[in-house]
Amino acid sequence: MRESRDYRNIALVGFMGTGKSTVGQLVAGMLHFRFLDTDEMIEDLTQRRISDIFANEGEAQFRKYETQIVQHLNTLEKTVVSTGGGLVTDPANFAALKEHSLLICLWCSPEAILKRVGHQTHRPLLQVENPLERIRELLAQREPFYKQADVLLSSEFRTPREVASHVVQHYRFLTGPAPLE
Ligand code: S3P
């Protein structure tokens, strides 16, 4: 028998640079859902930038903010949430999201990730001498968590719109077509 799940939201999980925010906004538009981004929610909550939180309060405190935000998500419906790349590596966060969301993991090779985010400076975990090595290490650590998502979707050779269409197809398959307006 199929496990009964509540899919009132969609959570996009996966590594930095896999397109979660861009795809999430497109999916929200296609389904007439609201879009939220956990990094933006943390910046609103703390009135600080993610890079400042890492620099001044440390990663452990940032992870506590993530958990706080995840608890709030439980009250939402018809929402697409783009989650920070490390958020689901806490099994409690993963389990909390799974209570109300279809979990879709976007996936890319380390090389593609580097190409997409290598020139950006706002991701503190990648401000190191050898970012490709760091991406490989983090991906290897996180893979077991990412693989527990309901759907794994490569965004490497697809446009954001193509990825978004796949997400919507999976969602509609699991929840049935939206009622005609
Ligand atoms: C992080 C990913 C970032 C942000 C923070 C830490 C991570 O979010 O939460 O810099 O641990 O992978 P994006 O995945 O949206 O870039």
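Residues numbered from 1 in each chain as written. Predicted model: local features only at pLDDT ≥ 70, side-chain atom pairs only at ≥ 80, totals over all residues. Heavy atoms only, no water.

A. Quick peek at the environment of Glu 129. Along the chain, Glu 129 falls in the loop between helix 6 (110-117) and helix 7 (131-146). Assessed through its relative accessible area of 84%, Glu 129 is described here as exposed. (Helix = DSSP H or I, 4+ residues; strand = E, 2+ residues; numbered from the N terminus. Buried < 20%, exposed > 50% of the residue type's maximum accessible area, 1.4 Å probe, protein only.)

B. Representation of the site of the ligand. Residues in close proximity to the ligand total 14 residues, the closest being Lys 20, Asp 39, Arg 63, Arg 123 and Arg 142. Here an oxygen atom of the ligand sits 2.6 Å away from a polar atom, N or O, in the side chain of Lys 20. Gly 85 has a polar backbone atom sitting 2.9 Å from an oxygen atom of the ligand. When contributions to the shell around the ligand are tallied by element, the ones reaching two or more residues are helix 3 (50-56) and helix 4 (59-73). In terms of residue class, the shell around the ligand is built from six nonpolar, three polar and five charged. (Near = heavy atom within 4 Å. Polar contact = N/O pair within 3.5 Å; in protein donor to acceptor, adjacent residues only side chain to side chain. Nonpolar A, V, L, I, M, F, W, Y, C, P; charged D, E, K, R; others polar.)

C. Broad picture of the layout of surface pockets. Its boundaries defined by the atoms lining it, the largest pocket holds a volume of some 640 Å³. Around the largest pocket, the lining comprises 33 residues; the ones closest to its centre are Met 16, Asp 39, Gly 84, His 122 and Arg 123. In terms of residues, the lining of the largest pocket owes the most to one element, helix 2 (residues 38-46), which gives four residues. Per-class residue counts for the lining of the largest pocket are eight nonpolar, 14 polar and 11 charged. (1 Å grid on protein atoms, 1.4 Å probe; cavity = no way out; pocket = protein on both sides within 12 Å on 5 of 7 lines; lining within 4 Å. Points joined across faces, edges and corners; volume = space filled by probe spheres on them.)

D. Broad picture of the pattern of salt bridges. Taken as a whole, this structure holds nine salt bridges when the rule is applied. The partner of Lys 147 in a salt bridge is Glu 143, with the nearest N and O atoms 2.7 Å apart. Residue classification places Glu 143 among the partly exposed residues on the basis of a relative accessible area of 27%. Ionic contacts of the salt-bridge type, sharing partners, join the residues Glu 59, Arg 63 and Glu 66 into one network. (Salt bridge = Lys/Arg side-chain N within 4 Å of Asp/Glu carboxyl O.)

E. The arrangement of the pairing of strand 3 (residues 79-82) in detail. Along strand 3, one buried face is formed by Thr 79 and Val 81 and the opposite face, lined by Val 80 and Ser 82, is buried too. By the bridge criterion, three bridges tie strand 1 (residues 9-14) to strand 3 in an arrangement that is parallel. Note that in strand 3 the partner of Leu 12 across the bridge is Ser 82. (Pairing = 2+ DSSP bridges.)

F. Structural context of the packing of aromatic side chains. One pass over the full model with this rule turns up three aromatic pairs. Centroid distance Phe 33 to Tyr 171: 5.7 Å. Interplanar angle 85°. Geometry classified as edge-to-face. Placement of Phe 33 in the loop between helix 1 (20-31) and strand 2 (34-37) and of Tyr 171 in helix 8 (residues 160-175) is noted, with a sequence separation of 138 residues between them. No difference in accessibility class separates Phe 33 from Tyr 171, as the two residues are buried. Considering the side-chain rings of Trp 107 and Tyr 146, the 6.4 Å spacing of their centres and the 80° angle between planes classify their relative orientation as edge-to-face. (Phe/Tyr/Trp six-rings, centres within 6.5 Å; stacked < 30°, edge-to-face > 60°.)

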